[in-house]
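Spelled out, the chains give:
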Amino acid sequence: MELILTKNFNLPESYTLQVYEKTGGYAALKKALGMKPEQVTEEVKGSGLRGRGGAGFPAGMKWSFVPKNTGKPVYLCVNADEGEPGTFKDRAILEKDPHRMIEGSLIAAYAIGAKTAYVYIRGEFDLPTRRLNAAVQEAYSKGYAGRNILGSGYDCDVFVHRGAGAYICGEETALLNSLEGNRGYPRIKPPFPAIEGLFKCPTVVNNVETLAAVPYIIEHGAAGYKKIGTEKSPGTKLFSVSGPVMHPGVYEVEMGYPMRKFLHEDVGWMRPGKVLKAVIPGGSSMPVLTAQEVEEVNLDYESIASKGSLLGSGGMIVLDEDTCMVWALENLAHFYSHESCGQCSPCREGTGWSYKILKRMVHGESKKEDIELLLDIGQKMAGKTICVLADSLSMPIASYIGKFRGEFEAHVKGNCSQCQKSR
Amino acid sequence: MPKVTIDGKEIEVPAGMNLIEAAKLAGASVPHYCYHPKLSIAGNCRICLVEIEKQPKLQIACNTKVAEGMVVRTTGPKVEEGRQSVLEFILVNHPIDCPVCDQAGECKLQQYYMQLDRKPSRMEEEKVQKDKAVKLGPNVMLDMERCILCSRCIRFCQEVAHQDELCFTQRGDHTELTTYPGRELKNPYSVNTVDICPVGALTSVDFRFKQRVWFLKTADTVCPGCSTGCNVRLWHNKGAAYRLTPRENEAVNQVWMCDEGRLTYKPVNAENRLRHPVVKRDGRNGKMRRDLAVAELKRSLEGVSGNAILGIGSAQFTNEANQAFLGFLKDILGVKDFVYHANEVANPSHDVFLISADKNPNRAGVEALGFKPLAEDRRYQVFFALGPLPFSKIQKIAFEKNRKVILLTTHEVPEIEYADFVFPTAAWAEDEGTYTNRQNRVQNIAPAFPPPGESLRVGQWMEEFDKAWRPALKGMTA
Ligand SMILES: Cc1cc2nc3c(=O)[nH]c(=O)nc-3n(C[C@H](O)[C@H](O)[C@H](O)COP(=O)(O)O)c2cc1C
Ligand code: SF4
Ligand code: SF4
Ligand code: SF4
Ligand code: FES
């Protein structure tokens, strides 16, 4: 398979402009600037590239929603907040090949008519921020960013903005509020950012990985990109694999690749003595897949969806038989209740309430009815909120209890084998 | 105008209207906490869920605009279940200390709980604990545990008072309302936050713990605090006033009023309300019965020509009071000259919104009746006035020999010592009639309770005087 996103990862000093240029970097930008903006958008639309931030929304389609000639500036925001537990693939791009994302961003900005691009980067990312800042400077110094880019007459500034450590600021509209200097609250939609985003102007928010795929698409055309992957999930996708596996890390995978094969051959399967129990395929909010389902599923949006889960961000968390699912769920509930921005009643209260119940359950202080109560809370907070953070806990609650009910019942009875082992 | 169907009723509604308002037009009510018609949409409480045909999920009515052909259901099992669950979530960390909560009886949590749920709580965990009595500013107290984080108060400060004073800190169920560092909630309209707070989180420093609201009766009236004349509701019990809250009048005060105006009820309850006529005899003031005082007044004015009397109306009294006063003095006493006095305040508060520098509710009214502004004038022997007269003026007048001062007023203030006759008069809360505000709008005030002791309304005093004078007049003409 041809590597697109990670092809330079193993080169020495892969993050420098010199290496990037030597491997053909910024040729796509040059090509794009010779096209009409609409043509660029069409190309990306035709490629079928879907957003890699989690929701999988077609990127070219999103760009085409930006209204023309409103008289207002248009903004591109690059979502580099990467807060989803288990997800660390954008970080790899920012550290190892920031120019690919910058080039993709400039092409996207050109396509939507933006003269300003903001990269909202997770505050805890130290090395990635330094690499990104250095790369932006390099891009300016060579005329890839700033005034009159490559003599085309097109101007675009790139600003890097560091977040302050809130998961919710990765949600695109909370990101916009945060960029504006406001509290990181997701906004009610409509209006959608494409119509009224940053500073009330048309805005596109895209994930780092989404944008990093754009130079390839421009270079090889929509058809070239569509050759890779499946019909409905074209291209490649990064997966960040964590858990007790032989080789945790970031992998670029052609869409449609069998998960079983991936885990066995690429990741090297489980560490000695560890038995696979379940896999969270796309970041912590996604429903869990059982070991059996792992055998049957391919790594593309449709196949994973057919098992009731989602590809999400590609943050793959592998759980082994020593992991107690009640404990795992409590851990997640703690995270989501802590990170709920607190505006919507169902999310603010539902995540906190679930966490308290699970905390009791972990400590063997629960009763049978608590399992039903948890399910009910999860179901009732889903689909009723401004952003999908509430669903992000609701989905794991339903799937962990649905698929591993025995463990929850054991906890209620006070005889969870995993917990007793680890005690 | 788009046609929509709400609960099976097809109606035409203005384009751009949200579904809470549209439902009202269709005769349905959609519960809401964070939505307020005068504030931006926050969409955070999620109680206003409705079902919209062809949309799989329930939608919030406050952030959904009507669209042609939309079919909406504001009732039904799905909607009710949705709202019930939202209410349950809101109550998860709510202290439910209704017995000691000022909001009890007018609380939207209580109201919707009775309408929607009526089930015991399933929440057995320890609730998040927060501060119970936080003074946000001079007029407003916060009970952080009762706050349902609807952000109405924050939006009010930003969007109506144009002061960034309130904000949230922390996240999730630890979110708290607070003032910005180094600031207080002290904009001149701060108590409106108490009114719009749907629960008992914000309470008025002035009103809290004074009365249970179900004991209070109301009178719809007009604030006497300035010439804007905000439409208000006066809440009272057993002859005492307890608070003022704004009434909606788009043309005058929208739905707001200022903090200063809220306190205008205080003088009504004051200890020093005048209860009896006071008459000066042998240089000393003494209480006197109503009829005797009137007779005494008549005697003392015998032989005084109307030209020697100055009638002094008041911009603090109603049009009707001033009119009756003018009528009696002109027709019976033959008075020709009329001026009015007004409450003049040094450096008065004022702004471009509601607060007027003119602290009189009826200046436009008295001027329209023909009263001229008060100027010092020594040609008169008798000064017949609707009080209170400013201390310095009455002192100057009364010290001159052979000058008489007759006052109809409400309070036993030091200045009445200099008056020869003082007749206790109904205060604003006890009076009826109209004020003409600075926009020349004539607005009704309504009495909440009767005036204290022997007090009468100005009009009633004039009838009493009239009765005393008439027979004599008749005798003269006969
Ligand atoms: C609670 C929450 C957190 C999110 N965090 C991230 C994030 O860290 N990075 C990201 O790219 N998208 C995140 N998203 C998704 C974004 O809202 C948005 O869909 C995405 O940035 C769009 O980019 P894409 O279309 O290129 O995927 C988050 C969404 C939610 C609801
Ligand atoms: S769902 Fe949760 S995180 Fe999202 S806006 Fe509502 S309260 Fe905030
Ligand atoms: S706000 Fe006050 S009255 Fe309302 S439910 Fe809470 S404690 Fe009771
Ligand atoms: S104090 Fe009242 S108005 Fe303000 S956010 Fe809390 S509940 Fe809403
Ligand atoms: S009233 Fe609609 S969400 Fe609060």
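Residues numbered from 1 in each chain as written. Chains lettered and ligands numbered in written order. Predicted model: local features only at pLDDT ≥ 70, side-chain atom pairs only at ≥ 80, totals over all residues. Heavy atoms only, no water.

Undergrad: Help me understand the overall build of chain B, please; the structure alone is not making it clear to me.
TA: A tally of helices and strands in chain B yields twelve helices and 23 strands. Expressed as lengths along the three principal axes of its C-alpha atoms, the size of chain B is roughly 90 × 50 × 35 Å. Looking at chain B residue by residue over its 478 residues, the buried ones come to 55%. Pairs at least 24 residues apart make up 64% of the contacts formed inside chain B by residues separated by at least 6 positions. When the accessible surface of chain B is split by element, carbon and sulfur atoms take 50% of a total near 21,500 Å². Averaging the positions of the 63 positive and the 59 negative side-chain charges in chain B gives two centres separated by 3 Å. (Helix = DSSP H or I, 4+ residues; strand = E, 2+ residues; numbered from the N terminus. Buried < 20%, exposed > 50% of the residue type's maximum accessible area, 1.4 Å probe, protein only. Contact = heavy atoms within 4.5 Å. Areas by Shrake-Rupley, 256 points an atom, 1.4 Å probe, with all protein chains shown as cover. Lys, Arg positive; Asp, Glu negative; His and termini not counted. Charge placed at Lys NZ, Arg CZ, Asp CG, Glu CD.)

Undergrad: Sorry if this is basic, but what is going on with the overall build of chain A here?
TA: A count of helices and strands for chain A gives 19 helices and eleven strands. Relative to the globule expectation of 22 Å for 423 residues, the C-alpha radius of gyration of chain A, 22 Å, shows essentially globular dimensions. Across its three principal directions, the C-alpha atoms of chain A cover 70 × 45 × 35 Å. By residue count, 61% of the 423 residues in chain A fall in the buried class. When contacts within chain A are restricted to residue pairs at least 6 apart in sequence, long-range pairs at least 24 apart make up 71% of them. As displayed, chain A offers around 15,800 Å² of accessible surface, 53% of which is attributable to carbon and sulfur atoms. Averaging the locations of the 49 positively and 48 negatively charged side chains of chain A gives two centres separated by 2 Å. (Rg over C-alpha atoms; globule rule 2.2 N^0.38 Å.)

Undergrad: Whenever I open this one, the environment of Pro-277 of chain B confuses me. Can you help?
TA: Residue and element names in this part refer to chain B. Tracing the chain through its elements places Pro-277 in the loop between helix H7 (266-269) and strand E14 (278-281). Pro-277 sits twelve residues away from Arg-289 along the chain, and the two C-alpha atoms are 6.6 Å apart. For Pro-277, the residues in contact, after removing those within four places along its chain, are Gly-286, Lys-287, Met-288, Arg-289, Arg-290, Ala-293, Val-422, Phe-423, Pro-424, Glu-454 and Trp-461.

Undergrad: Would you mind going over the side chain of Arg-363 of chain B with me for this structure?
TA: Residues and elements named next belong to chain B. Note on placement: Arg-363 falls in helix H10 (residues 363-368). A polar atom in the side chain of Arg-363 sits 2.9 Å from the side chain of Asp-358. Beyond its immediate stretch of four places on either side in the chain, Arg-363 contacts Ala-315, Tyr-340, Ala-342, Glu-344 and Asp-358. (Polar contact = N/O pair within 3.5 Å; in protein donor to acceptor, adjacent residues only side chain to side chain.)

Undergrad: Quick question: what am I supposed to make of the packing of aromatic side chains here?
TA: By convention here, two paired aromatic rings are described through the distance between centres and the angle between planes. Taken as a whole, this structure holds 30 aromatic pairs over all chains when the rule is applied. Ring centres 5.9 Å apart and planes at 70° place the aromatic pair Tyr-167 of chain A and Tyr-336 of chain A in the edge-to-face group. Of the two residues, Tyr-167 of chain A sits in the loop between strand E3 (157-162) and helix H8 (172-179) while Tyr-336 of chain A sits in helix H14 (residues 325-339), which places them 169 residues apart along the sequence. For the pair Tyr-167 of chain A and Tyr-336 of chain A, a shared accessibility class is recorded, and that class is buried. Note on Phe-384 of chain B and Phe-465 of chain B: the rings are 6.2 Å apart at their centroids and 55° apart in plane angle, and the pair reads as tilted. Separated by 81 residues along the polypeptide, Phe-384 of chain B in strand E19 (residues 382-386) and Phe-465 of chain B in helix H12 (residues 458-477) bring together distant segments of the chain. Accessibility expressed as a relative area gives 0% for Phe-384 of chain B, which makes it buried. Its relative accessible area of 0% is what places Phe-465 of chain B among the buried residues. Put simply, the rings of Phe-325, Phe-328, Phe-384, Phe-421, Phe-423, Trp-461, Phe-465 and Trp-469 of chain B pair up and form one aromatic cluster. (Phe/Tyr/Trp six-rings, centres within 6.5 Å; stacked < 30°, edge-to-face > 60°.)

Undergrad: Help me out: how do you make sense of the site of ligand 4 in this one?
TA: As a matter of local geometry, ligand 4 sits amid 14 residues, with Cys-147, Cys-150, Ser-151, Cys-153 and Cys-197 of chain B nearest to it. Of the residues contributing to the shell around ligand 4, the split by class is twelve nonpolar, one polar and one charged. (Near = heavy atom within 4 Å. Nonpolar A, V, L, I, M, F, W, Y, C, P; charged D, E, K, R; others polar.)

Undergrad: Quick question: what am I supposed to make of the interface of chain A and chain B here?
TA: By a widely used convention, the size of an interface equals the accessible area lost when the partners come together. Taken together, the contact between chain A and chain B spans 35 residues of the former and 35 residues of the latter. When chain A packs against chain B, the two sides together hide about 2,800 Å² of surface, and 51% of this comes from carbon and sulfur. At the junction of chain A and chain B, the tally comes to four salt bridges. One salt bridge connects Arg-171 of chain B with Glu-339 of chain A, and the closest N-O pair in it is separated by 3.3 Å. Our count for the chain A to chain B interface comes out at 16 residue pairs in polar contact (both at pLDDT 80 or more). Those elements that place two or more of their residues in the side of chain A that touches chain B are H14, helix H15 (345-362) and helix H16 (368-381) of chain A. (Buried area = accessible area lost by both parts, 1.4 Å probe. Salt bridge = Lys/Arg side-chain N within 4 Å of Asp/Glu carboxyl O.)

Undergrad: Any chance you could explain the pattern of salt bridges here in plain terms?
TA: Between side chains of opposite charge, pairing is possible as soon as their charged atoms come close. Within the structure shown, the criterion is met by 58 salt bridges over all chains. Lys-367 of chain A is the partner of Glu-124 of chain B in a salt bridge, and the nearest nitrogen-oxygen pair spans 2.9 Å. Taken as a pair, Glu-124 of chain B in the loop between helix H3 (108-117) and strand E6 (134-135) and Lys-367 of chain A in the loop between H15 and H16 lie in two separate chains rather than in one. One continuous salt-bridge network, built from bridges that share partners, spans Arg-52, Lys-89, Asp-90, Glu-209 and Lys-237 of chain A.

Undergrad: How should I be thinking about the site of ligand 2 in this particular structure?
TA: By nearness alone, every residue bordering ligand 2 is listed as Ile-168, Pro-186, Ser-340, Cys-341, Gly-342, Gln-343, Cys-344, Cys-347, Thr-385, Ile-386, Cys-387 and Leu-389 of chain A. The residue makeup of the shell around ligand 2, split by class, is eight nonpolar, four polar and no charged.

Undergrad: Before we go on, may I ask you to explain the packing of H14 of chain A against helix H17 (residues 389-403) of chain A in this structure?
TA: For any two helices packed against each other, the geometry comes down to the angle between their axes and how far apart the axes lie. All names here are of chain A. Between H14 and H17, the least distance of the axes is 10 Å, while the angle of their chain directions is 170°. Comparing the axis directions of H14 and H17 gives the class roughly antiparallel. Taking contact as the criterion, the partners of Met-325, Ala-328, Leu-329, Leu-332, Ala-333, Tyr-336 and Glu-339 in H14 are, on H17, Leu-389, Ser-392, Leu-393, Pro-396, Ile-397 and Tyr-400. When its residues are assigned to classes, the contact of H14 with H17 shows eleven nonpolar, one polar and one charged. (Axes fitted to C-alpha atoms, helices over the stretch in contact; angles between N-to-C directions. Parallel < 35°, antiparallel > 145°, perpendicular 65-115°, else oblique.)

Undergrad: Help me understand unusual backbone geometry, please; the structure alone is not making it clear to me.
TA: Note: most residues except glycine have negative phi, and most peptide bonds are trans. Of note, the bond from Pro-190 of chain A into Pro-191 of chain A is cis; its omega dihedral lies within 30 degrees of zero at 0°. Its location among the elements puts Pro-191 of chain A in the loop between H8 and strand E4 (203-207). A cis geometry characterises the amide bond from Gly-387 of chain B onward to Pro-388 of chain B, with omega recorded as -10°. Tracing the sequence through the fold places Pro-388 of chain B in the loop between E19 and helix H11 (391-399). Even without being glycine, Glu-13 of chain A reaches a positive phi, approximately 50°.

Undergrad: Explain the sheet that holds E19 of chain B here, please?
TA: Hydrogen bonds between backbone groups are what pair the strands of a sheet, and the pairing can be parallel or antiparallel. Residues and elements named next belong to chain B. Read from one edge to the other, the open sheet built from eight strands follows the order E15-E14-E21-E20-E19-E16-E17-E18, with strand pairing classed as mixed. Looking at which strands have only one partner, the edges of the open sheet turn out to be strand E15 (284-287) and strand E18 (372-373). On the sheet, helix H8 (residues 290-301) packs against E14, E19, strand E20 (404-409) and strand E21 (421-424) and is oriented at approximately 145° with respect to E21. Across the face of the sheet, helix H9 (residues 319-331) comes into contact with strand E16 (309-314), strand E17 (337-341) and E19 while running at roughly 155° to E19. (Pairing = 2+ DSSP bridges.)

Undergrad: What should I look at first to understand the pairing of E16 of chain B in this one?
TA: In regular strands, side chains alternate between the two faces of the sheet. Residues and elements named next belong to chain B. Burial runs high along E16: six of the six residues are buried. Covered by surrounding structure in E16 are Ile-309, Gly-311 and Gly-313 together with Leu-310, Ile-312 and Ser-314, the residues of both alternating faces. Sheet analysis places E16 next to E19, joined by four bridges and oriented parallel. Bridging across to E19, Leu-310 finds its partner in Phe-383. Note: E16 against E17, five bridges, orientation parallel. What sits directly across from Ser-314, in E17, is His-341. Each parallel crossover has a hand, and for E16 linked through H9 to E17 it is right-handed. (Right-handed = clockwise from strand over helix to strand, strands pointing away.)

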